[in-house]
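Overview (structure and organization)
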Number of protein chains: 2
Amino acid sequence: MAEKSYHHGNLKEGLIEAGINLINEEGEKHFSLRRVAALCGVSNAAPYSHFKSKEELLKAMQNHVTDQFTAELKKSIKDEDLDSPTAIIKLGKCYVMFFIRNPQYFEFLFSQSLVRVDLNMNDDGANNYPPFELLRKLTFRVFRKMGMPKNEIKDIVISEWATVHGLAAILTMKGISYDYDWEQKIEDIIVHK
Amino acid sequence: MAEKSYHHGNLKEGLIEAGINLINEEGEKHFSLRRVAALCGVSNAAPYSHFKSKEELLKAMQNHVTDQFTAELKKSIKDEDLDSPTAIIKLGKCYVMFFIRNPQYFEFLFSQSLVRVDLNMNDDGANNYPPFELLRKLTFRVFRKMGMPKNEIKDIVISEWATVHGLAAILTMKGISYDYDWEQKIEDIIVHK
DNA sequence: CTTAAATCTTTACAGCGTAAAGATTGAGTT
DNA sequence: AACTCAATCTTTACGCTGTAAAGATTTAAG
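Residues numbered from 1 in each chain as written. Chains lettered and ligands numbered in written order. Predicted model: local features only at pLDDT ≥ 70, side-chain atom pairs only at ≥ 80, totals over all residues. Heavy atoms only, no water.

Residues and elements named next belong to chain A. For chain A, the assigned domains are domain 1 (8–52) and domain 2 (55–191). Taken together, the connections running from domain 1 to domain 2 amount to 1 salt bridge. Note that Glu56 and Lys52 form a salt bridge whose closest N and O atoms lie 3.5 Å from each other. Our count for the contact surface shared by domain 1 and domain 2 stands at 3 residue pairs in polar contact (both at pLDDT 80 or more). Of all the elements in the fold, those that place two or more residues in the side of domain 1 that touches domain 2 are helix H1 (11–26) and helix H2 (33–39). (Domains from an automatic or database assignment. Salt bridge = Lys/Arg side-chain N within 4 Å of Asp/Glu carboxyl O. Polar contact = N/O pair within 3.5 Å; in protein donor to acceptor, adjacent residues only side chain to side chain. Helix = DSSP H or I, 4+ residues; strand = E, 2+ residues; numbered from the N terminus.)

So, about the pattern of salt bridges. Residue and element names in this part refer to chain A. Summed over all chains, the structure comprises 20 salt bridges over all chains. Between Lys145 and Asp83 there is a salt bridge; the shortest N-O distance is 3.8 Å. Highlighted residues: Lys145 in helix H6 (residues 130–145) and Asp83 in the loop between helix H3 (54–76) and helix H4 (85–101), separated in sequence by 62 residues. The partly exposed category is assigned to Asp83, whose relative accessible area is 25%. Note that Glu133 is salt-bridged to Arg136, the shortest N-O span being 2.6 Å. Placement of both Glu133 and Arg136 in helix H6 is noted, with a separation of 3 residues, approximately one turn of the helix. In this structure, Glu133 and Arg136 share a single accessibility class: buried. Connected via shared salt-bridge partners are Lys52, Glu56 and Lys59. (Buried < 20%, exposed > 50% of the residue type's maximum accessible area, 1.4 Å probe, protein only.)

Another point: the nonpolar core. Counting residues in hydrophobic clusters, the biggest one holds 134 residues, and the most contacted among them are Phe99(A), Leu119(A), Trp161(A), Phe99(B), Leu119(B) and Trp161(B). In contact with Trp161(A), not counting residues within four places along its chain, are Tyr95(A), Val115(A), Val117(A), Leu119(A), Tyr129(A), Phe132(A), Leu135(A), Gly166(A), Ile170(B) and Met173(B). (Core = buried A, V, L, I, M, F, W, Y, C linked by side-chain atoms within 4.5 Å. Contact = heavy atoms within 4.5 Å.)

All right, on to the relation of the copies chain A and chain B then. It takes a turn of 180° to lay chain A on chain B, together with a shift of 0.0 Å along the axis; the resulting RMSD is 0.0 Å. Such a turn and shift between the copies fits a two-fold axis. Proximity to the rotation axis, assessed at the C-alpha, singles out Gly166(A) in chain A; its C-alpha lies 1.8 Å from the axis. Most of the interface of chain A is mirrored in chain B: 100% of its interface residues are interface residues there too. (Least-squares fit on C-alpha atoms with pLDDT ≥ 70 in both.)

We now examine the packing of aromatic side chains. If you walk through the whole model with that rule in mind, you get 24 aromatic pairs over all chains. Look at Phe98(B) and Tyr105(B): their rings are 6.0 Å apart centre to centre, the planes differ by 20°, and that puts the pair in the stacked class. For the pair formed by Phe98(B) and Tyr105(B), the shared burial category is buried. Arranged with centres 5.2 Å apart and planes meeting at 85°, the rings of Phe99(B) and Phe106(B) form a pair that is edge-to-face. Owing to a relative accessible area of 0%, Phe99(B) belongs among the buried residues under this scheme. Taken together through their ring pairs, the aromatic side chains of Phe69(A), Tyr95(A), Phe98(A), Phe99(A), Tyr105(A), Phe106(A), Phe110(A), Tyr129(A), Phe132(A) and Trp161(A) make up a single cluster. (Phe/Tyr/Trp six-rings, centres within 6.5 Å; stacked < 30°, edge-to-face > 60°.)

In structure tokens form, the structure reads like this:
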């Protein structure tokens, strides 16, 4: 409720929020620093007090959306038995449905991606992508309980991630036509193997 | 070997080729119409005689790369028994390896994608993405031979595509670290299910 | 109250996509 | 061979972009 004054008061968060709105409404192609600044009622160069470049603002926006994504993933297995394969299915379904509900986010998060993941999964890798970390930990927990050796679980983790990530990629392609009840269909496709 | 003259002689193809080279060497972020024009030794506006916009040139470039991709996929199953699941594995492996060899192409082909696919696969859908069509036809052929009903095969096709497409997406992420012999590993991951 | 740091504005510049108008060339007609 | 027209290319120009630089305003600390 801040009145118009020289200082915005909350410009950094304001830019991130306005930027995400702009992406949602018009897509990344029509995103520009100047437009975001205008949406916040500040001048062209004002964002440079908080972000050293357009890319830095985009990264902050990506991190914000990733946080939201991660929160939904965690919520999806909150009441599940974390030793059961059912939990993995729930998590995978949530992964895909997030992008079906927010199709713009897929390209936004993964084009020029910030994701840094160690697929060797040696527990010392710099894995800065929490959604993958959730899937990795849960899968190791479930399959270790079933007595599977670690090396095999590694392949399963990658396979699971590839499946849900690939499904999200395919189902958010602009021209895709589909008549399914995806909520159920996704589960069928994930479980099928 | 054309000497410098007012007319370029082969500008349309020249722009497509120079554009793809630019993408390969510097990435899509540094791609611009003016730079491609300069690479071809013509003026800023010359491309507009052949493409009505930057997007149209990019589409032509995407189609060119997709043709190359499709050719490699066809070649990968040229000597295979097309009634055997082995052929599907070969095709899937080729799908992923293409993008491992050409990491820049993944984002280039699928961000702002031209892909138009009917996942209902009613044989009347407008499917303009030949790589998917190859996978779809081959999979139906193999699994029909095995007596599987069409509805189940549909899910398998989507699952297969999601897996290889997702693998390609993951393995071409910029920060991914991996120590594997992927050629073999990919097969393990695809077959695992 | 003074000063410094943080935040915002103004101005400026090069690069971008592309519209418009004009120059050059080659191909076809006569 | 001369004319004509369409295709192809250049020049110029406009508004938008990212961002560097310098200056204004406000807040916070001493």
